[in-house]
Amino acid sequence: MYVSTYLKSKFKKFGNGTRIDANVRVINPNVIEIGDYSNVEFGAQLIGGRHLIISNEVIIKSGCILKVGGFKESRIHIEEGTSINENCHLDGVGGIVIGKNVLIAPNCAIISSSHNFKDRKKEIHEQGRNLSTVKIMDDVWLGANSTINPGVTIGKGAVVGSGAVVTKDLPPYSVAVGVPAEVISYRE
């Protein structure tokens, strides 16, 4: 879809050759930077709070939600060549940094915050949140329906199997599967 000059002017940065399809929900475009030749497809949501940076040649497929909160740690930064497939949810309240040429399959969740819940005398929503940045290094592949929990770092070249729940750091070039995810091998 052709993006009007007016809409482009609302973004903090809007790159050359970038396309945003119809029916993309954009909130707070003044904090969103999009590089050159990136695509945001029909039905995606870009919800800027503090910093939402999408580098060059990034693909965000339909139904994805990229949400940034208002905390000082809140941000999503996606490096060039990364592809985020349909219906993924990136909760950048505690911060998410995604490297170059990362492949994220459909229905993945990357969560960077959690609720405190230990005090039974208070309702959960009254107990605050823990914010913890997720880092996904270059050349990672996240299989369909995988979940990445707060504070996790996934090393360069790692592969996360479909449906895995990653609760701890994964070393470079590891292959991890299961709930919780465990390393079963390494890429040669």
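Residues numbered from 1 in each chain as written. Predicted model: local features only at pLDDT ≥ 70, side-chain atom pairs only at ≥ 80, totals over all residues. Heavy atoms only, no water.

**As for the state of the cysteines**
Okay, so step 1: Following the criterion strictly, the structure yields zero disulfides and no others.
Okay, so step 2: Distance from the sulfur of Cys64, which forms no disulfide, to the nearest cysteine sulfur (Cys88) is 4.7 Å.
Okay, so step 3: Exposure remark for Cys64: the relative accessible area of 0% places this residue in the buried category.
Okay, so step 4: Here Cys88 is not disulfide-linked; the sulfur of Cys108 is the nearest cysteine sulfur, at 4.7 Å.
Okay, so step 5: By relative accessible area, Cys88 is classed as buried at 1%. (Disulfide = S-S within 2.5 Å. Buried < 20%, exposed > 50% of the residue type's maximum accessible area, 1.4 Å probe, protein only.)

**Points about the pairing of strand 7 (residues 51-54)**
Okay, so step 1: Residues Leu52 and Ile54 line the buried face of strand 7, whereas the alternating positions His51 and Ile53 sit on a face that is not buried.
Okay, so step 2: Pairing analysis gives four bridges linking strand 7 to strand 10 (residues 75-78), with the strands arranged parallel. If you follow Ile54 over to strand 10, its bridge partner there is Ile78. (Helix = DSSP H or I, 4+ residues; strand = E, 2+ residues; numbered from the N terminus. Pairing = 2+ DSSP bridges.)

**Brief notes about the pattern of salt bridges**
Okay, so step 1: Tallied over the full model, the rule gives five salt bridges.
Okay, so step 2: Note that Arg19 is salt-bridged to Asp21, the shortest N-O span being 2.9 Å.
Okay, so step 3: On the accessibility criterion, Arg19 (30% relative accessible area) is partly exposed.
Okay, so step 4: A salt bridge links Asp139 to Arg187; its shortest N-O distance comes to 3.4 Å. Pair noted here: Asp139 is in the loop between strand 18 (134-136) and strand 19 (141-142) and Arg187 is in the segment after strand 25 (182-186), with a separation of 48 residues, a long-range link. (Salt bridge = Lys/Arg side-chain N within 4 Å of Asp/Glu carboxyl O.)

**Regarding a nonpolar patch on the surface**
Okay, so step 1: Taken together, Tyr173, Val183 and Tyr186 make up a surface patch of nonpolar side chains, about 270 Å² in accessible area.
Okay, so step 2: Turning to its location among the elements, Tyr186 is positioned in strand 25. (Patch = residues over 30% accessible without salt bridge, like charges linked within 9 Å, V, L, I, M, F, W, Y side chains within 5 Å. Areas by Shrake-Rupley, 256 points an atom, 1.4 Å probe, with all protein chains shown as cover.)

**Observations concerning the nonpolar core**
Okay, so step 1: Ranked by size, the top nonpolar core spans 42 residues in total, and within it Ile60, Leu66, Ile110, Leu142 and Ile154 carry the most contacts.
Okay, so step 2: The set of elements that each furnish at least two residues to this core consists of strand 4 (32-34), strand 7, strand 10, strand 13 (96-98) and strand 18.
Okay, so step 3: Contact partners of Leu142, with chain neighbours within four places excluded, come to Leu103, Ile104, Ala105, Cys108, Ile110, Ile136, Ile148, Ile154 and Val160. (Core = buried A, V, L, I, M, F, W, Y, C linked by side-chain atoms within 4.5 Å. Contact = heavy atoms within 4.5 Å.)

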